[in-house]
Amino acid sequence: MSKKQNRDEAIALISRTLARYPNNDQLIFELARHKFIGSRYKGRKECLAMLHDAETGFIIVTENTKNDNRRAWAYHYLTTIAIFHKDYDKARS
């Protein structure tokens, strides 16, 4: 089984678990992280959709988590996504 297949399976599993626990910021973070990492293995259209989903998840985490480490990592990923989109003003904020 390839890393791509493993990542797709992880995304599916986390999505199913998140459906049962929709307010779990750790699950939201992990789903966003897997979508962010998995986006590089997709075509342009699917990559952009996955990055959008990841960005949405990371924003939710920054606004809701009580875990400072998780919030810091979410901001890190949001900055990286902004740089990918060449939105340098957003990356600076």
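So, a few notes on the structure that sits alongside this text.

**A closer look at the overall build of the protein chain**
Part 1 of the reasoning: A tally of regular secondary structure across the protein chain gives 5 helices and 0 strands.
Part 2 of the reasoning: The order of helices and strands in the protein chain, counted from the N terminus, is α-α-α-α-α.
Part 3 of the reasoning: Relative to its length of 93 residues, the protein chain is compact, with a C-alpha radius of gyration of 13 Å against a globular reference of 12 Å.
Part 4 of the reasoning: The C-alpha extent of the protein chain, read off along each of the three principal axes, is 40 × 30 × 15 Å.
Part 5 of the reasoning: Residue burial in the protein chain is summarised as follows: out of 93 residues, 35% are buried.
Part 6 of the reasoning: Entry remark: accessible area of the protein chain is about 6,300 Å², with carbon and sulfur atoms responsible for 52%.
Part 7 of the reasoning: Each charge class in the protein chain was averaged separately, 17 positive and 11 negative side chains, and the resulting centres sit 4 Å apart.

**Description of the pattern of salt bridges**
Part 1 of the reasoning: Going through the model one piece at a time under the given rule, you end up with 8 salt bridges.
Part 2 of the reasoning: Among the salt bridges present, the one from arginine 33 reaches glutamate 30, with a minimum N-O distance of 2.8 Å. Here arginine 33 and its partner glutamate 30 are both found in helix H2 (residues 25-38), 3 residues apart, which amounts to about one turn of the helix.
Part 3 of the reasoning: Assessed through its relative accessible area of 22%, glutamate 30 is described here as partly exposed.
Part 4 of the reasoning: Among the salt bridges present, the one from arginine 92 reaches aspartate 89, with a minimum N-O distance of 3.0 Å. Taken together, the positions of arginine 92 and aspartate 89, both in helix H5 (residues 88-92) and 3 residues apart, correspond to about one turn of that helix. Each member of the pair, arginine 92 as well as aspartate 89, carries the same accessibility label: exposed.
Part 5 of the reasoning: In the salt-bridge network here, residues are joined through shared partners; they are Asp8, Lys42 and Glu46.

**Observations concerning the nonpolar core**
Note on soluble globular proteins: their nonpolar side chains tend to be buried together.
Part 1 of the reasoning: Membership of the largest hydrophobic core comes to 20 residues, with the highest contact counts inside it found for Phe29, Phe36, Ala54, Phe58 and Ile81.
Part 2 of the reasoning: Mapped by element, the contributors of at least two residues to this core are helix H1 (3-20), H2, helix H3 (44-64) and helix H4 (68-84).
Part 3 of the reasoning: In terms of residue count, the dominant contributor to this core is H2 (7 residues).
Part 4 of the reasoning: Beyond its immediate sequence surroundings of up to four residues, phenylalanine 29 is in contact with Phe58, Val61, Arg70, Trp73, Ala74 and Tyr77.

Calculation notes
- Residues numbered from 1 in each chain as written.
- Predicted model: local features only at pLDDT ≥ 70, side-chain atom pairs only at ≥ 80, totals over all residues.
- Heavy atoms only, no water.
- Helix = DSSP H or I, 4+ residues; strand = E, 2+ residues; numbered from the N terminus.
- Rg over C-alpha atoms; globule rule 2.2 N^0.38 Å.
- Buried < 20%, exposed > 50% of the residue type's maximum accessible area, 1.4 Å probe, protein only.
- Areas by Shrake-Rupley, 256 points an atom, 1.4 Å probe, with all protein chains shown as cover.
- Lys, Arg positive; Asp, Glu negative; His and termini not counted.
- Charge placed at Lys NZ, Arg CZ, Asp CG, Glu CD.
- Salt bridge = Lys/Arg side-chain N within 4 Å of Asp/Glu carboxyl O.
- Core = buried A, V, L, I, M, F, W, Y, C linked by side-chain atoms within 4.5 Å.
- Contact = heavy atoms within 4.5 Å.

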